[in-house]
Amino acid sequence: MKGFAQRTSNEWPGVGMSVPAWLSDFSNDLIVKGNANLVQWMHVTPWKQDIESCDRVGLIQAMPAGDAEKDVQGRQ
């Protein structure tokens, strides 16, 4: 497995977090073209369009469950 870990908010310069679906396809395709087959979402749940985009371009996604910051109390 070879992959990348996305930035916390997965934003792009100039558009911020208002990323259109085609830009998700473009960035996820860049990951594939970089010979990776895995993307790990860090600290946040990915946008629905990124989940669908990873399916289209053939990327496996890892979404860690739990709370790495240890700021939640009780059952998760």
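Relevant structure appears above.
Fair warning: this is a prediction, and the values are worked out from it, not measured in the lab.

1. Brief notes about the packing of aromatic side chains
- Taken as a whole, this structure holds one aromatic pair when the rule is applied.
- Summarising the aromatic geometry, the rings of tryptophan 12 and phenylalanine 26 are spaced 6.1 Å apart at their centres and angled 50° between planes, so their arrangement reads as tilted. One end of the pair, tryptophan 12, is in the loop between strand E1 (3–5) and helix H1 (21–33); the other, phenylalanine 26, is in helix H1, with 14 residues separating them in the sequence.
- According to the relative accessible area criterion, phenylalanine 26 is partly exposed, its value standing at 41%.

2. With respect to the packing of H1 against helix H2 (residues 48–57)
- Across the interface, H1 lies against H2 with an axial gap of 9 Å and an inter-helix angle of 45°. Judged by the inter-axis angle, H1 sits oblique to H2. For the element pair H1 and H2, the recorded crossing hand is right-handed. For the pair formed by H1 and H2, the contact residues are Ala21, Ser24, Asp25, Asn28, Asp29 and Val32 on the first element and Gln49, Asp50, Ser53, Cys54, Arg56 and Val57 on the second.

3. With respect to the sheet that holds E1
- One open sheet accounts for three strands, arranged E1-E2-E3; its pairing is parallel. A strand with exactly one partner marks an edge of an open sheet, and here the two such strands are E1 and strand E3 (60–62). For this sheet the average axis-to-axis angle between neighbouring strands, irrespective of direction, equals 20°.
- One ladder, built from three bridges, connects strand E2 (residues 38–40) with E3; its direction is parallel. By the bridge assignment, leucine 38 is partnered in E3 with isoleucine 60.

4. Let's talk about the pattern of salt bridges
- Tallied over the entire structure, the rule returns three salt bridges.
- A salt bridge links arginine 56 to aspartate 25, with the shortest nitrogen-to-oxygen separation between them at 2.8 Å. With arginine 56 in helix H2 and aspartate 25 in helix H1, the pair connects residues that are 31 residues apart, well separated along the chain.
- The class of arginine 56 is exposed, set by a relative accessible area of 51%.
- Residue classification places aspartate 25 among the partly exposed residues on the basis of a relative accessible area of 24%.
- For the salt bridge of lysine 48 with glutamate 52, the shortest nitrogen-to-oxygen distance reads 2.4 Å. Residue lysine 48 and its partner glutamate 52 are located together in helix H2, separated by four residues, close to a single helical turn.

How each quantity is defined
Residues numbered from 1 in each chain as written. Predicted model: local features only at pLDDT ≥ 70, side-chain atom pairs only at ≥ 80, totals over all residues. Heavy atoms only, no water. Phe/Tyr/Trp six-rings, centres within 6.5 Å; stacked < 30°, edge-to-face > 60°. Helix = DSSP H or I, 4+ residues; strand = E, 2+ residues; numbered from the N terminus. Buried < 20%, exposed > 50% of the residue type's maximum accessible area, 1.4 Å probe, protein only. Axes fitted to C-alpha atoms, helices over the stretch in contact; angles between N-to-C directions. Parallel < 35°, antiparallel > 145°, perpendicular 65-115°, else oblique. Left-handed = near helix turned anticlockwise from the far one by under 90°. Contact = heavy atoms within 4.5 Å. Pairing = 2+ DSSP bridges. Salt bridge = Lys/Arg side-chain N within 4 Å of Asp/Glu carboxyl O.

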